[in-house]
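The residues making up each chain are set out below.
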Amino acid sequence: MKLTKMKLAIISVLGFSLSTSALAIDLYMDSETKQLFAEDGPGRIKLGTFEKVEDKTKQNEEMTEIRNDLKNKEKEFKELEERVVAVKEANAKNDEKWFNKISLRGYTQLRYNQKLTGDRVAGQPELRSNEGDKSIKDNSNFSFRRVRLVFSGDINEYVSLYIQPDFATTNGDQNFAQLRDAYADLAFDKSHEYRIRAGQSKVPFGWENLQSSQNRLSLDRADALNSAVPSERDLGLFAYWSPSHVQKLWKDLSLKGLKTSGDYGVLGFGVYNGQSLNKDERNDDLYMVAHATYPIELDFLGSMFNGQVLEVGADAISGKFNVNNLSAYTTFDGIKKSAPKQDRKGNSEDRAAIHAILFPQPFGFQAEWNWGKGPALNVEDNIIERKSLRGGYVQAMYKIDKILGSQGTLIPFVKWQHYDGPHKGAVNATYTHVEEIDFGFEWQMMKALELVMTYTMMDRTNTVIGNDYLGQASGDLLRTQLQWNY
């Protein structure tokens, strides 16, 4: 019988009670007087040891009762152990079901943009940022930039899934639901060093493009890199290789509160439709993308660089893009044009990009640049043709921990961006000139709540069909975003 602590305690009490209740007495008789004594002495003969009959009977009854109680307790313990085993087996079987491995998280971004200069003035074009924040326009106050839910989890050791809808899509009216991500990762090993990503996901071109908007410091991605993959996503197959030690380094950086771009492999290669997010494919050609990045620990440079990490890499894409929504238009100068023609040879696109990121510990630096050619509107000949493009951004930041309490983190930053090239996702693939400077900060009040404020100086081409189409507008804005994570 297996002795538990409770059983041992019962037996100990039982032994004590027996030793104290089972009292006996020795009797002696004087050989001459025939008197009885309880103690031995001269001339006394021991008659024997005697117990009260009623005490013996009571003791036997108590022993029997205790034995019965022990048997009942042993039976109860056995039933309890069997019940625990059954519950564990049931939970194990239940845990194997894939829907019990799916987690739910998300975030919401509420924005307010206040134009300080650049509001509509007669004879001047309206300042717009239609490819980024569509709420930068006249007669705009509060708006939802993103309302995201993320369903993710491992179906088994080799297959995981990721689904992300957004409930703040704007299409004339506000706050439509739209599918952003829907893919499965198919791993070839348990450590997921080698995997295929199948479905709709981010295209691995550019470092900031891959960084989640939940983590990014600046409110919008830079036009120069984001114009390569409008909405950052497309439908295709992508192969990634991430060595285990690099996976660990990225996770360690995230645990420190540093903003990585996520795990899109040290090396990656993919093929995808190329018509951008949630768009029908419009030609028989597939886009191709190649991606390379590597985080370097800088401890070898000396004690002042202990813990510092520099990530560097390069990307390239190539494919053919059929411009959507070819429309008649009137330029800001009053020139009327019919819908432009699209040269079949002019819809090809080729780009190359480089990036370097020094994670802020406490000072940080981030820069990307890309060059290439892609489809763009030639207003003079009114045709979509292949034109040169170039541009990128530089960003500096500084991380200050324990602001107004142990949880708070403040990251002031400044970002400059420049782009001369087409926005292929805009109507008629408008060729744009963008110059922009952001002075701002992100205040992480707690894990669930973040505030970003920036003073932004913009100079950009208006890409919205209307009276201001192709006009170059500039202005200063005070921009605010409140984000809550869940």
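So, here's what we can say about the structure.

A word on the environment of aspartate 459
- Within the secondary structure, aspartate 459 is located in strand 22 (residues 449-461).
- By relative accessible area, which is 25% here, aspartate 459 ends up partly exposed.
- For the pair aspartate 459 and histidine 433, spaced 26 residues apart in sequence, the C-alpha separation works out to 7.8 Å.

Overview of the packing of aromatic side chains
- For the coordinates displayed, the defined rule picks out 9 aromatic pairs.
- Cluster of aromatic residues (ring-pair linked, three or more members): Phe238, Tyr272 and Tyr287.
- We note lysine 387 situated over the ring of tyrosine 431; from NZ or CZ to the ring centre the distance is 4.6 Å.

With respect to the pairing of strand 12 (residues 309-320)
- Here strand 12 shows a buried face lined by Val309, Glu311, Gly313, Asp315, Ile317 and Gly319 and an unburied face lined by Leu310, Val312, Ala314, Ala316, Ser318 and Lys320.
- Inspection of the sheet shows strand 12 paired to strand 16 (residues 348-358) by 11 bridges, in the antiparallel sense. The residue of strand 16 that forms the bridge with glycine 319 is glutamate 349.

Things to note about the environment of aspartate 133
- Looking at the secondary structure, you find aspartate 133 in the loop between strand 4 (102-115) and strand 5 (142-154).
- A polar side-chain atom of aspartate 133 sits 2.9 Å from a polar atom in the side chain of arginine 479.

Remarks on the pattern of salt bridges
- As enumerated under the stated definition, the model contains 24 salt bridges in all.
- For arginine 111, the salt bridge is made with aspartate 220, and the minimal N-O distance between the two is 3.1 Å. Here arginine 111 is found in strand 4, whereas its partner aspartate 220 is found in the loop between helix 3 (207-210) and helix 4 (223-226), with 109 residues between them in sequence. Judged on exposure class, the residue arginine 111 and its partner aspartate 220 are both buried.
- With a shortest N-O distance of 3.5 Å, aspartate 263 and arginine 195 are connected by a salt bridge. Taken as a pair, aspartate 263 in the loop between helix 5 (244-255) and strand 10 (267-272) and arginine 195 in strand 8 (residues 194-202) lie far apart in primary sequence, 68 residues in all.
- Here aspartate 263 falls in the partly exposed class, since its relative accessible area comes to 26%.
- By relative accessible area, arginine 195 is classed as buried at 5%.
- A network of salt bridges, in which partner residues are shared, links Arg111, Asp133, Asp220 and Arg479.

Here is what the cut-offs are and how they apply
- Residues numbered from 1 in each chain as written.
- Predicted model: local features only at pLDDT ≥ 70, side-chain atom pairs only at ≥ 80, totals over all residues.
- Heavy atoms only, no water.
- Helix = DSSP H or I, 4+ residues; strand = E, 2+ residues; numbered from the N terminus.
- Buried < 20%, exposed > 50% of the residue type's maximum accessible area, 1.4 Å probe, protein only.
- Phe/Tyr/Trp six-rings, centres within 6.5 Å; stacked < 30°, edge-to-face > 60°.
- Lys NZ or Arg CZ within 6 Å of the ring centre and 35° of its normal.
- Pairing = 2+ DSSP bridges.
- Polar contact = N/O pair within 3.5 Å; in protein donor to acceptor, adjacent residues only side chain to side chain.
- Salt bridge = Lys/Arg side-chain N within 4 Å of Asp/Glu carboxyl O.

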